[in-house]
Amino acid sequence: MVTKARPTTVKKIVAENRKARYNYEILDTYEAGLVLTGTEVKSLREGKANIAESYASDEDGELWLINSYLPEYLQANRFNHETRRRRKLLLSRREIHRLRVAINREGMTLVPLKIYFNDKGRAKLELALAKGKKLHDKRETEKERDWNRQKGRLLRERG
């Protein structure tokens, strides 16, 4: 009997915020949809987006992605989009409420981790509920990372 292999889900990552895991303690992650215009989607497919300085904010019961950079799509001429406009995030009502409570009451932050295209070709944003690290926490993370690197080298050398 031959068993069929399940198709693997491949996410095409367009933009990644690598500093987020260093600057913040990630407590929980969510997958959110993005409300984009046509030229923004085409620009995303070229893979030149930047979400390093961006964050998500709660305004009037909705979540917005602020300060993300999607460059203009060159072939769009006058129908182009603004590069740093606010973009609405699509989450369920229950998730939005849970995130609003965490932001307002517990002083946490919503940090975008990456933008990618899912299996259906839709642009998604991986959003993290995070707490800012203090300087000593960052140093501890760096020490741990260096030790793991050194440990790996030693294990490779000695077999």
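Structural notes, computed from the coordinates. (Residues numbered from 1 in each chain as written. Predicted model: local features only at pLDDT ≥ 70, side-chain atom pairs only at ≥ 80, totals over all residues. Heavy atoms only, no water.)

Structural notes on the overall build of the protein
Phase 1: Check the secondary structure of the protein and you find four helices and seven strands.
Phase 2: Listed by position from the N terminus, the elements making up the protein come as β-α-β-α-β-β-β-α-β-β-α.
Phase 3: Taken over C-alpha atoms, the radius of gyration comes to 19 Å for the protein, far larger than the 15 Å a tight globule of 159 residues would show.
Phase 4: Dimensions along the principal axes, computed over C-alpha positions, put the protein at roughly 60 × 55 × 40 Å.
Phase 5: For the protein, with 159 residues in total, the buried portion stands at 33%.
Phase 6: Counting only contacts in the protein whose residues sit at least 6 apart along the sequence, the fraction spanning at least 24 positions is 68%. (Helix = DSSP H or I, 4+ residues; strand = E, 2+ residues; numbered from the N terminus. Rg over C-alpha atoms; globule rule 2.2 N^0.38 Å. Buried < 20%, exposed > 50% of the residue type's maximum accessible area, 1.4 Å probe, protein only. Contact = heavy atoms within 4.5 Å.)

Thoughts on the pairing of strand β4 (residues 62–66)
Phase 1: Judged by how many residues are buried, β4 sits mostly within the fold: four of five residues are covered.
Phase 2: Connecting strand β3 (residues 55–59) to the next strand, β4, in antiparallel fashion are two residues, including Asp-60 with a positive phi near 55 degrees.
Phase 3: Direction of pairing for β4 relative to strand β5 (residues 87–90): antiparallel, over a ladder of two bridges. Residue Trp-64 lies in a different strand from β5, and its bridge partner there is Lys-88. (Pairing = 2+ DSSP bridges.)

Considering the pattern of salt bridges
Phase 1: Overall, the coordinates contain eight salt bridges when judged by the stated rule.
Phase 2: Here Arg-84 and Glu-53 are joined by a salt bridge, their closest N and O atoms 3.9 Å apart. One end of the pair, Arg-84, is in the loop between β4 and β5; the other, Glu-53, is in the loop between α2 (38–46) and β3, and 31 residues separate them in sequence.
Phase 3: Two residues, Lys-88 and Glu-62, come together in a salt bridge whose shortest N-O distance is 3.1 Å. Residue Lys-88 is located in strand β5, and its partner Glu-62 is located in strand β4; the two are separated by 26 residues in the primary sequence.
Phase 4: We classify Lys-88 as partly exposed; its relative accessible area is 28%. (Salt bridge = Lys/Arg side-chain N within 4 Å of Asp/Glu carboxyl O.)

Considering the nonpolar core
Phase 1: Membership of the largest hydrophobic core comes to 26 residues, with the highest contact counts inside it found for Leu-44, Leu-89, Leu-91, Leu-99, Ile-115 and Leu-127.
Phase 2: Every element with two or more residues in this core is listed here: β1 (12–16), β2 (24–34), β4, α3 (93–106), β6 (109–117) and β7 (123–132).
Phase 3: Examining the composition of this core, we find that four residues originate from one element, β7, more than from any other.
Phase 4: In this view, Leu-89 contacts Ala-32, Gly-33, Leu-34, Ala-56, Leu-63, Trp-64, Leu-65, Leu-125 and Leu-127; residues no more than four positions away in its chain are not counted.
Phase 5: Residues Ala-20, Val-111, Ala-128 and Ala-130 belong to the second largest nonpolar core, which totals five residues. (Core = buried A, V, L, I, M, F, W, Y, C linked by side-chain atoms within 4.5 Å.)

Observations regarding α3
Each full turn of the α-helix corresponds to 3.6 residues, which orients residues three or four apart in the same direction.
Phase 1: A rise of 1.5 Å per residue sets the reference length of α3, with its 14 residues, at 20 Å; its end C-alpha atoms lie 19 Å apart and thus fit the reference within 8%.
Phase 2: Of all the residues in α3, the buried ones are Ile-96, Leu-99 and Ala-102. Taken around the axis of α3, the buried residues stretch over an arc of 130 degrees, which confines them to a single face. Exposed and facing more than 90 degrees away from the buried side of α3 are Arg-93, Arg-94, His-97, Asn-104 and Arg-105. (Expected span 1.5 Å × (residues − 1). Arc of directions from axis to C-beta.)

Considering α2
Phase 1: Among the residues making up α2, those that are buried are Thr-39, Glu-40, Ser-43 and Leu-44. Down the axis of α2, the buried set is contained in an arc of 140 degrees. They therefore lie on one face.
Phase 2: On its buried side, α2 packs onto β1, β5, β6 and β7.
Phase 3: Positioned one or two residues after α2, Gly-47 has a phi angle of 80 degrees, which is positive.

Overview of the side chain of Ser-68
Phase 1: Among the secondary structure elements, Ser-68 is positioned in the loop between β4 and β5.
Phase 2: Judged by relative accessible area, which is 2%, Ser-68 ranks as buried.
Phase 3: Among the polar contacts listed, one links the side chain of Ser-68 to the side chain of Arg-87, at a separation of 3.0 Å.
Phase 4: Residues in contact with Ser-68, not counting those within four places in the same chain, are Asn-50, Ile-51, Ser-54, Thr-83, Arg-84 and Arg-87. (Polar contact = N/O pair within 3.5 Å; in protein donor to acceptor, adjacent residues only side chain to side chain.)

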